[in-house]
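# Chain and residue survey
As a plain string of letters, each chain reads:
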Amino acid sequence: MVTIKEIAKLVNLSPTTVSNVIHGHKGKVSAENYKKISSALKDTNYISNMGARLLGHHGSKIIVVILNFDRRAEVNIVSDPFYDQIIGFLEEEIRKQGYFMMLYTSGSVTESLRLATAWDIEGLIILGSLPDDAKKFIQQQQRPLAFIDTYVDESYMNDDFINVGLQDFQGGYDITKYLISLGHRKIAFFADGDHLIGVDEKRFLGFKQALSETGISFQRKDFFALDYRADKRHAFLREISRNQLKQYTALVFTSDFLAVDAINVFYDNGIKVPRDFSITGFDHNIFSEQIRPKLTTIGQNVNQKAVLAVDYLVERIQSKHVGRKINILLNTELIVQGSTAKPSEVLP
């Protein structure tokens, strides 16, 4: 296997200059030398020796993406189209930056921190952490750290983490206001479980704000908690569709996955959307486009989330010093499609 020193000798340049080209540091190499070295790397079929780089203390070039998910023994979280999509974008951006992605589904913060130490990783990206878990990561992790879709309690914030999220409150508000504009007044809310934290909580608060501004009272019975286990969730949806849901003209779901899942259950039980009631989702993933009718939903730029998280994290890794806190909430977009319509009769 050809070495960096051999490449340097071949092009009559320093090993450091060759290393900068290998790692994509274009700003440190002239255009002429960059082209010369790139050509030599291609001609000699150079392959980076990761083991040698680790032994040489040049960094592992590994960024670990952690999905905090305590249900991993029962549910494959990557089967959710949102996580499948964002993991793909993260891997692409991490690779473009000259790093390698390690993906891990963790059941606890302790397990995640143990992994980070054992593998000598250079940075962490945490997907969907709970506020208390985020606090522990911030306090205990010594490496550059980025969160995606995490709400950190203000009292726990310091100047050493990155968070890229979404205007979840605004999204929940906008989609509810849209339903109200169609004439809906009896609207139910469906979420993943009954203990709302983070993104689902913000979407729920936006939903309630839109109702309140219109003078529509929200009651506890208008909230429906869905089980993460498909068999129990489907049995519950079948049960409430027989009677409880007849008082509503619209149903708001906190994700496209849950909305599409419900539409299919309802269809199998003789209920059609939007004939019997309108349904909305959140995310605008592939499910919302493939279901018929197409799902009215809140769109978000998942690729932008991944790019921002990785770019800021790599900047922090390469600067080798504590940076300022970065907290970015991206805008949402209302996507109106076929699953909503004016109610045939506005219930009193």
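Predicted, not measured: the structure shown is a model, and the values here were computed from it.

On to the environment of Glu 315, then. Among the secondary structure elements, Glu 315 is positioned in helix α13 (residues 302-319). Sequence separation of Glu 315 and Pro 144 is 171 residues, and the distance between their C-alpha atoms is 9.4 Å.

Let us look at the sheet that holds strand β11 (residues 326-330). A sheet is described by the order of its strands in space; here six strands give the open sequence β2-β1-β3-β4-β5-β11, paired in parallel fashion. Of all the strands in the sheet, just β2 (100-106) and β11 have a single pairing partner and so form its edges. Averaged over all neighbouring strand pairs, the angle between strand axes comes to 15 degrees, with direction disregarded.

Summarising burial for strand β1 (residues 62-68): seven of the seven residues are buried, a large majority. Sheet topology note: the β1/β2 ladder contains seven bridges and is parallel. Counterpart to Val 64 in the pairing with β2 is Met 102.

Secondary-structure assignment places Val 29 in the loop between α2 (15-22) and α3 (31-43). Sequence spacing of Val 29 and Val 18 is 11 residues, and the spatial spacing of their C-alpha atoms is 8.8 Å. Not counting the four nearest positions on each side in its chain, Val 29 is found in contact with Thr 17, Asn 20, Val 21 and Tyr 34.

What follows concerns the packing of helix α6 (residues 109-119) against helix α7 (residues 131-140). Where α6 contacts α7, the two axes come as close as 10 Å, and the packing angle between them is 30 degrees. Here α6 lies roughly parallel to α7, going by the angle between them. Between α6 and α7 the crossing geometry is right-handed. Residue-level inspection shows Val 109, Ser 112 and Leu 113 of α6 in contact with α7, the latter providing Asp 133, Lys 136, Phe 137 and Gln 140. Class assignment of the residues belonging to the contact of α6 with α7 gives a composition of three nonpolar, two polar and two charged.

Pairing is parallel in the open sheet, where four strands are placed in the order β7-β6-β8-β9. Every interior strand has two partners, whereas the edge strands, β7 (223-226) and β9 (278-280), have only one. On average, each strand axis in the sheet is inclined to that of its neighbour by 20 degrees, with strand direction left out of account. Pairing of strand β8 (residues 250-253) with β9, which is carried by three bridges, proceeds in the parallel orientation. When the bridges of β9 are listed, Ala 250 appears paired with Ser 278. Where helix α9 (residues 199-213) meets the sheet, it contacts β6 (187-192), β7 and β8, and its direction lies at approximately 170 degrees from that of β6.

Bringing the pattern of salt bridges into the picture now. Applying the stated criterion across every chain, the model contains 11 salt bridges. Two residues, Lys 305 and Asp 149, come together in a salt bridge whose shortest N-O distance is 2.6 Å. Residue Lys 305 is located in helix α13, and its partner Asp 149 is located in the loop between β4 (145-148) and β5 (162-166); the two are separated by 156 residues in the primary sequence. Of the residues examined, Asp 149 reaches a relative accessible area of 14% and is grouped as buried. The salt bridge involving Glu 213 is made with Lys 177; its shortest N-O contact spans 3.9 Å. Within this pair, whereas Glu 213 is found in helix α9, its partner Lys 177 is found in helix α8 (residues 168-182), the two being separated by 36 residues in sequence.

What counts, and at which threshold
Residues numbered from 1 in each chain as written. Predicted model: local features only at pLDDT ≥ 70, side-chain atom pairs only at ≥ 80, totals over all residues. Heavy atoms only, no water. Helix = DSSP H or I, 4+ residues; strand = E, 2+ residues; numbered from the N terminus. Pairing = 2+ DSSP bridges. Axes fitted to C-alpha atoms, helices over the stretch in contact; angles between N-to-C directions. Buried < 20%, exposed > 50% of the residue type's maximum accessible area, 1.4 Å probe, protein only. Contact = heavy atoms within 4.5 Å. Parallel < 35°, antiparallel > 145°, perpendicular 65-115°, else oblique. Left-handed = near helix turned anticlockwise from the far one by under 90°. Nonpolar A, V, L, I, M, F, W, Y, C, P; charged D, E, K, R; others polar. Salt bridge = Lys/Arg side-chain N within 4 Å of Asp/Glu carboxyl O.

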